[in-house]
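Structural overview
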Amino acid sequence: IWTEILSKEYNSEALIHIKESLQYGQQLIRNVLDVENTGANTHILSLKKINVVALLKDIADDFTPAANAKNISILCPNLPKDITLMSDKQHLRQILENLISNALKFSFPHSSITLLCGPKDGRIFILVKDEGPGMDADDLQHIFNKYSIAAAKPTAGEESTGLGLHIVKRLTRELGGEIIAESRINKGSQFT
């Protein structure tokens, strides 16, 4: 609340960084709580019709300041005009935020992150692709495990807890979907 009040009076880069740090801290707390609640079956799905394209663009806009700080472009090329999905918006948003956050952490400056979605084989896919250092087969095999941290390091010294992808996999399963990770060393990673 105080950062919002200050933002109305001062438009400074320091406030932007403070807000980003607060968001990171809140996300970290949510991640830890989500992992600890995994066995408790406390999630109740709130299924509603979601415009996936609008949600993806909205989340991309939210991450634009962080991307700009690393000179990274977030691209949404050739997105369909409208794709709807019956799902839990909060869970889907958390999945996408984790994937895009990771893509930003592991992307080199002056590279891009590509976001795609569309129909495929009677289902809907959403893809997040980066141009980072990539992972080897061993890291890919363990990337969704709790507290798993890949050998590749974030490109600007960002922190990684190893919880984000574990949560992504769990939430994706709760929504009846699947997550596929593909990566090659020095070629980047993509999550579908």
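Counting from 1, residues in each chain are numbered in the order their sequence is written. This being a predicted model, a pLDDT of at least 70 is required before a residue's local features are given, and a value of 80 or more before pairs of side-chain atoms are given or counted; all residues contribute to the totals for chains, interfaces and linings. Side-chain numbers here rest on the full set of heavy atoms in the structure, without hydrogens or water.

**Here we look at the packing of aromatic side chains**
Side-chain rings of Phe, Tyr and Trp, where Trp is taken by its six-membered ring, are said to pair if the distance between their centres is within 6.5 Å; with planes under 30 degrees apart they count as stacked, over 60 as edge-to-face, and otherwise as tilted. Applying the stated criterion across every chain, the model contains one aromatic pair. For the pair Phe144 and Phe191, a centre-to-centre distance of 6.3 Å together with 90° between the ring planes defines the contact as edge-to-face. Highlighted residues: Phe144 in the loop between α5 (137–142) and α6 (164–174) and Phe191 in strand β7 (residues 188–191), separated in sequence by 47 residues. Each member of the pair Phe144 and Phe191 is classed as buried. Runs of H or I in DSSP of at least four residues are treated as helices and runs of E of at least two as strands, each being numbered from the N terminus. Note on classification: 1.4 Å probe, protein chains only; a residue is buried when its accessible area is under 20% of the maximum for its type, exposed when over 50%, partly exposed between these limits.

**Re the pairing of β7**
Burial along β7 is two-sided: Gly188 and Gln190 and Ser189 and Phe191, pointing in opposite directions, are all buried. Strand pairing follows a simple DSSP-based rule, namely that at least 2 bridges must link the two strands. Direction of pairing for strand β5 (residues 123–129) relative to β7: antiparallel, over a ladder of two bridges. Of the residues in β7, the one forming a bridge with Val128 is Phe191. Pairing analysis gives four bridges linking strand β6 (residues 181–184) to β7, with the strands arranged antiparallel. Pairing of Ser183 across the sheet is with Ser189, part of β7.

**Let's talk about unusual backbone geometry**
At Asn78, a position not held by glycine, the phi torsion is positive, near 50°. For Asn78, the position within the fold is in the loop between β2 (73–75) and β3 (84–88).

**Description of the pattern of salt bridges**
Any two side chains of opposite charge can pair, on the condition that their charged atoms come close. Salt bridges, as used here, are contacts in which a Lys or Arg side-chain nitrogen is within 4 Å of a carboxyl oxygen on Asp or Glu. For the coordinates displayed, the defined rule picks out five salt bridges. Glu97 is paired through a salt bridge with Arg93; the nearest N and O atoms lie 3.2 Å apart. Of the two residues, Glu97 and Arg93 are both situated in helix α4 (residues 89–105); the distance of four residues between them amounts to about one turn of the helix. Glu174 is the partner of Arg170 in a salt bridge, and the nearest nitrogen-oxygen pair spans 2.8 Å. Of this pair, Arg170 and Glu174 both sit in helix α6, four residues apart, which is roughly one turn of the helix. By relative accessible area, Glu174 is classed as partly exposed at 28%.

**A few points about the packing of helix α3 (residues 52–69) against α4**
It is the contact of α3 with α4, at a shortest axis distance of 10 Å, that shows an interaxial angle of 35°. In terms of crossing hand, the pair formed by α3 and α4 is right-handed. Touching Leu55, Leu56, Asp58, Ile59, Asp62, Phe63, Ala66 and Ala67 of α3 are Lys89, Leu92, Arg93, Leu96, Glu97, Ile100, Ser101 and Leu104, all from α4. Ten residue types, Ala, Val, Leu, Ile, Met, Phe, Trp, Tyr, Cys and Pro, are classed as nonpolar, four, Asp, Glu, Lys and Arg, as charged, and the remainder, Gly among them, as polar. Its residues assigned to classes, the contact of α3 with α4 shows ten nonpolar, one polar and five charged. The convention used is that axes are lines fitted to C-alpha atoms, helices contributing only their stretch in contact, and that angles between N-to-C directions extend from 0 to 180 degrees. Handedness of a helix crossing follows the sense of rotation of the near helix relative to the far helix, less than a right angle counterclockwise being left-handed and clockwise being right-handed. Contact definition: two residues touch when any of their heavy atoms are within 4.5 Å.

**Structural notes on the sheet that holds β6**
With mixed pairing, five strands are arranged side by side in an open sheet as β2-β4-β5-β7-β6. Since the sheet does not close on itself, it has two edges, and those belong to β2 and β6, each with one partner. Neighbouring strand axes in the sheet, compared pairwise and without regard to direction, differ in orientation by 15° on average. Direction of pairing for β2 relative to strand β4 (residues 112–120): parallel, over a ladder of three bridges. Its bridge partner being in β4, Ser73 is matched across the sheet by Ser112.

**A few points about the state of the cysteines**
For this text, the term disulfide refers to a pair of cysteine sulfurs within 2.5 Å. Following the criterion strictly, the structure yields zero disulfides and no others. Cysteine Cys76 shares no disulfide, and the gap to the nearest cysteine sulfur, in Cys117, comes to 8.6 Å. The exposure class of Cys76 is partly exposed, given its relative accessible area of 27%. Classification of Cys117 by relative accessible area gives buried; the value is 6%.

**Re the nonpolar core**
By nonpolar core is meant a set of buried Ala, Val, Leu, Ile, Met, Phe, Trp, Tyr and Cys residues that side-chain atoms within 4.5 Å join together. Within the largest apolar cluster, 35 residues are counted, with the highest numbers of intra-cluster contacts made by Leu99 and Leu115. If you list the elements that add at least two residues to this core, you get α3, α4, β4, β5 and α6. Here this core gets eight residues from one element, more than from any other, and that element is α3. Those residues within four positions of Leu99 in sequence are excluded, and the remaining contacts are Val128, Leu165, Val168, Ile179 and Phe191.

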